[in-house]
Amino acid sequence: KGLSGEDVREGIVAVSPDLLKKGTAHYGDLLYISCFDKWYLIEDTMNSRFERRVDVFLFDKQESLKINKKCDIEILHYTK
C-alpha cells in the first residue's frame with residue numbers, strides 16, 4: 001500500500017509533500033504528463049525527502065528507468 005493507504009497499481013501517481021503543502025497539487029487532481037501523453041489522478045504522496053517531484057508507479061523497473069526524466073506537466077484542479 002502507498003502512504004495514502006491505496007493499493008499500489010500501475011499508473012498510480014504520487015507527488016512530493018511540498019506540492020500538497022503549497023496547494024500546487026491536491027489529491028484527486030488530474031495531472032497531464034507529456035512524456036506519457038496521458039492524464040493521471042493524484043492518489044498518493046512521496047517520501048518527505050523529495051521536493052517538486054511527481055512519480056508514476058510502473059511494475060517494469062527497466063521501463064521506469066528509461067523514462068526517468070523531466071517532463072512537462074499540467075494540473076487540472078479538482079473542485080467539489
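Above this text sits the structure in question.
Predicted model, so just to flag it, every value in this text is computed and none were measured. (Residues numbered from 1 in each chain as written. Predicted model: local features only at pLDDT ≥ 70, side-chain atom pairs only at ≥ 80, totals over all residues. Heavy atoms only, no water.)

Caption draft 1: Focus on the state of the cysteines. Considering all chains together, one arrives at 1 disulfide under this definition. Each sulfur of the disulfide joining Cys35 and Cys71 lies 1.7 Å from the other. Across the disulfide from Cys35 to Cys71, rotation about the S-S bond amounts to roughly -110°, and the bridge is consequently left-handed. Linking Cys35 in the loop between strand E2 (30-33) and strand E3 (38-45) with Cys71 in the loop between helix H2 (61-66) and strand E5 (73-76), this pair joins segments that are 36 residues apart in sequence. Under the relative-accessibility criterion, Cys35 is labelled partly exposed at 31%. Judged by relative accessible area, which is 23%, Cys71 ranks as partly exposed. (Disulfide = S-S within 2.5 Å. Helix = DSSP H or I, 4+ residues; strand = E, 2+ residues; numbered from the N terminus. Buried < 20%, exposed > 50% of the residue type's maximum accessible area, 1.4 Å probe, protein only.)

Caption draft 2: Spatial organisation of the nonpolar core. By size, the foremost hydrophobic cluster in this structure holds 9 residues: Val13, Val15, Leu19, Ala25, Leu31, Ile33, Tyr40, Ile42 and Val56. Listed by contribution, the elements that provide at least two residues to this core are strand E1 (13-15), E2 and E3. In this structure Leu31 touches Val13, Lys38, Trp39, Tyr40, Ile42, Val54, Ile73, Glu74 and Ile75, once residues within four positions along its chain are discounted. (Core = buried A, V, L, I, M, F, W, Y, C linked by side-chain atoms within 4.5 Å. Contact = heavy atoms within 4.5 Å.)

Caption draft 3: Molecular detail of the sheet that holds E5. On the basis of which strands lie adjacent, the open sheet formed by 5 strands has the order E4-E1-E3-E2-E5 and mixed pairing. Across the chains shown, the open sheet's two edge strands, defined by having one partner strand only, are strand E4 (54-56) and E5. The average angle at which neighbouring strand axes cross in this sheet is 35°, direction not considered. As judged from the 4 bridges shared by E2 and E5, these two strands associate in the antiparallel manner. (Pairing = 2+ DSSP bridges. Axes fitted to C-alpha atoms, helices over the stretch in contact; angles between N-to-C directions.)

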